[in-house]
Amino acid sequence: MIGLDPPWCVAKAHGAALATGHLKRTPEDFQVDEELAFEPAGEGEHLMVQLRKRDRTTDQIARQLARLAGARSRNIGYCGMKDRYAVTSQWFSLPWPIKRELPDCAAWSDQLDNAECLQLVRHDRKLRRGAHASNRFRIAIELVTPVDAGLLQRRIDEIGEQGVPNAFGPQRFGRQGRNLDEFESRERPAGIILSAARSALFNRVLDARVRDGTWNRLIDGEWCMLNRSNSGFVAEAIDDELAARAGEGDVHPSGPLPGRAADGPVGEAQAREVDALSEAGAWIDKLATLRVDGARRPLRVIPDGLCILQHDTGSLTLSFGLPPGSFATAVVAECIDTDEYLHQSSSSS
């Protein structure tokens, strides 16, 4: 198997974890609230539904909504997958003709399994993946070993200023990394299996950049990505202005999501990627043959509003926001080693 072993264990950027603990003892320990990037239109031929679910996958809820609406599952829209073993709020959209009266929110709650309808509002289009601005996390950790309050606060402050490696977490790779075995064994894998392979290769490049100390700073030839944007540009040389923008979190270094030819780094930055992926040629060729388009992803993510909500000898609760596609486990792992991170989760995000 190509990549890290296990594929989500990217090197620590801020030093050794300060303690060990258990994550996701109950769904309530891992709470996520999806925040939209826009206000619903209030009119149109789609119905936006905000739900709070517990211990359910996004796909399970989408199928139930399709039955309630009398619609096909493929016509149910949502911004992104949310963890199953958690309490999460997120938005869905369903086709809903203008002449059709709005359903009763409480009545729908009664017909949903482990989910509550929070609000209903009309909208003018189907929800698309990535249409949300961020995910807000509230994560409770049962501490196995205590952590000094002063050391913890200094680590939190450092992460809030510098960010963390934007690693793909264990949810992406399936139980015990089996999605990567599927990629190697199947002739034409698809969906999450392809995503897992690309994520493993990205994590390998990220790990190399953490180890050489360049995960949060630009190097010559970098493909720079604008903060919270898929847009970027190549910088053959890094001047003081670019370095300052990186220091302020306005731009980030990036790594590859391999596939067919795409924009990327040159010079030193390209050479480092090639070296990190020197053993992955067969995987990269397979992704290209399967017509997967290459893309870039920031090597760094800076959590929004990271703070300690509660801390005592036996427990710790953190709160923070992340852009779509970033994993809360990457933030937690820079503070506490948890079983979720060290072993494997059965949930998806």
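Residues numbered from 1 in each chain as written. Predicted model: local features only at pLDDT ≥ 70, side-chain atom pairs only at ≥ 80, totals over all residues. Heavy atoms only, no water.

Trainee: Explain the pattern of salt bridges to me, please; I cannot follow it from the model alone.
Mentor: Close approach of charged atoms lets side chains of opposite charge pair. A full pass over the atoms with the stated rule returns 19 salt bridges. Across the salt bridge formed by Lys-12 and Asp-337, the nearest N and O atoms sit 3.1 Å from each other. Of this pair, Lys-12 sits in the segment before strand E1 (19-23) while Asp-337 sits in strand E17 (residues 336-338); the two residues are 325 residues apart in sequence, bridging distant segments of the chain. Overall, the relative accessible area of 28% leaves Lys-12 in the partly exposed class. Where Asp-212 meets Arg-272, a salt bridge forms, and the shortest distance between an N and an O atom there is 2.7 Å. Placement of Asp-212 in the loop between helix H5 (192-211) and strand E9 (222-226) and of Arg-272 in helix H7 (residues 267-276) is noted, with a sequence separation of 60 residues between them. Because the salt bridges share partners, they merge into one network encompassing Asp-212, Glu-268 and Arg-272. (Salt bridge = Lys/Arg side-chain N within 4 Å of Asp/Glu carboxyl O. Helix = DSSP H or I, 4+ residues; strand = E, 2+ residues; numbered from the N terminus. Buried < 20%, exposed > 50% of the residue type's maximum accessible area, 1.4 Å probe, protein only.)

Trainee: How do you make sense of the packing of helix H4 (residues 178-185) against helix H8 (residues 281-289) when you look at a structure like this?
Mentor: Think of two packed helices as two axes; the pair is described by the angle between the axes and how far apart they sit. Between H4 and H8, the least distance of the axes is 11 Å, while the angle of their chain directions is 70°. Taken as axis vectors, H4 and H8 run roughly perpendicular relative to one another. Contacts between H4 and H8 involve Leu-180, Phe-183 and Glu-184 from the first element and Trp-283, Lys-286 and Leu-287 from the second. When its residues are assigned to classes, the contact of H4 with H8 shows four nonpolar, no polar and two charged. (Axes fitted to C-alpha atoms, helices over the stretch in contact; angles between N-to-C directions. Parallel < 35°, antiparallel > 145°, perpendicular 65-115°, else oblique. Contact = heavy atoms within 4.5 Å. Nonpolar A, V, L, I, M, F, W, Y, C, P; charged D, E, K, R; others polar.)

Trainee: When you look at helix H3 (residues 149-162) in this model, what are you seeing that I'm missing?
Mentor: Spacing of three or four residues puts side chains on the same side of an α-helix, whose turn is 3.6 residues. An ideal rise of 1.5 Å per residue puts 20 Å on 14 residues; H3 measures up with 20 Å between its terminal C-alpha atoms. Residues of H3 that are buried make contact with strand E8 (164-165), strand E15 (304-311), strand E16 (315-322) and helix H9 (328-333). Structurally, the start of H3 carries an N-cap: the backbone nitrogen of Gly-150 is 3.0 Å from a side-chain oxygen of Asp-148. Just past H3, the residue Gly-163 takes up positive phi, approximately 85°. (Expected span 1.5 Å × (residues − 1). Polar contact = N/O pair within 3.5 Å; in protein donor to acceptor, adjacent residues only side chain to side chain.)

Trainee: When you look at the sheet that holds strand E11 (residues 251-252) in this model, what are you seeing that I'm missing?
Mentor: Pairing between sheet strands relies on hydrogen bonds along the backbone, with the strands arranged either parallel or antiparallel. The strand order across the open sheet formed by three strands is E10-E9-E11, and the pairing between neighbours is antiparallel. Because the sheet does not close on itself, it has two edges, and the strands there are strand E10 (232-235) and E11. (Pairing = 2+ DSSP bridges.)

Trainee: Quick question: what am I supposed to make of the state of the cysteines here?
Mentor: Linking two cysteines covalently through their sulfur atoms gives a disulfide. Within this structure, the stated rule accounts for one disulfide. Here Cys-105 pairs with Cys-117 through a disulfide, and the sulfurs are 2.4 Å apart. Between Cys-105 and Cys-117, the disulfide has an S-S torsion of -95° and is therefore left-handed. Placement of Cys-105 in helix H2 (residues 105-111) and of Cys-117 in strand E6 (residues 115-123) is noted, with a sequence separation of 12 residues between them. Residue classification places Cys-117 among the buried positions, given a relative accessible area of 6%. Considering cysteine sulfurs only, Cys-117 is the nearest to Cys-79, which forms no disulfide, with 16 Å between them. With relative accessibility at 3%, the residue Cys-79 sits in the buried group. (Disulfide = S-S within 2.5 Å.)

Trainee: How should the environment of Phe-92 be read in this particular structure?
Mentor: Note on placement: Phe-92 falls in strand E5 (residues 87-95). Classification of Phe-92 by relative accessible area gives buried; the value is 0%. C-alpha of Phe-92 to C-alpha of Thr-58: the two residues are 34 residues apart in sequence and 9.4 Å apart in space. Setting aside residues no more than four positions away along its own chain, Phe-92 makes contact with Leu-47, Met-48, Val-49, Leu-51, Thr-58, Ile-61, Ala-62, Leu-65, Ile-76, Gly-77, Tyr-78 and Leu-127.

Trainee: I keep staring at unusual backbone geometry and nothing clicks. Help me out?
Mentor: Working note: non-glycine residues mostly have negative phi, and peptide bonds are mostly trans. Notably, Asn-114 is not glycine yet its phi reads approximately 55°, a positive angle. By the element assignment, Asn-114 lies in the loop between H2 and E6. Despite not being glycine, Gln-176 shows a phi value in the positive range, around 55°. By the element assignment, Gln-176 lies in the loop between E8 and H4.

Trainee: Please clarify how the packing of aromatic side chains should be interpreted in this entry.
Mentor: What describes a pair of aromatic rings is the distance from one ring centre to the other and the angle between the planes of the rings. With the rule as written, the count across this model stands at eight aromatic pairs. Summarising the aromatic geometry, the rings of Phe-168 and Phe-202 are spaced 5.6 Å apart at their centres and angled 85° between planes, so their arrangement reads as edge-to-face. Of this pair, Phe-168 sits in the loop between E8 and H4 while Phe-202 is found in helix H5, placing the two residues 34 residues apart along the sequence. Both residues of the pair, Phe-168 and Phe-202, count as buried. Among the aromatic residues, those joined into a ring-pair cluster are Phe-30, Phe-137 and Phe-320. Arg-100 extends its terminal NZ or CZ atom over the ring of Trp-96, reaching a point 3.8 Å from the ring centre. In this structure, Arg-297 packs its charged tip against the face of Phe-202, placed 5.4 Å from the ring centre. (Phe/Tyr/Trp six-rings, centres within 6.5 Å; stacked < 30°, edge-to-face > 60°. Lys NZ or Arg CZ within 6 Å of the ring centre and 35° of its normal.)

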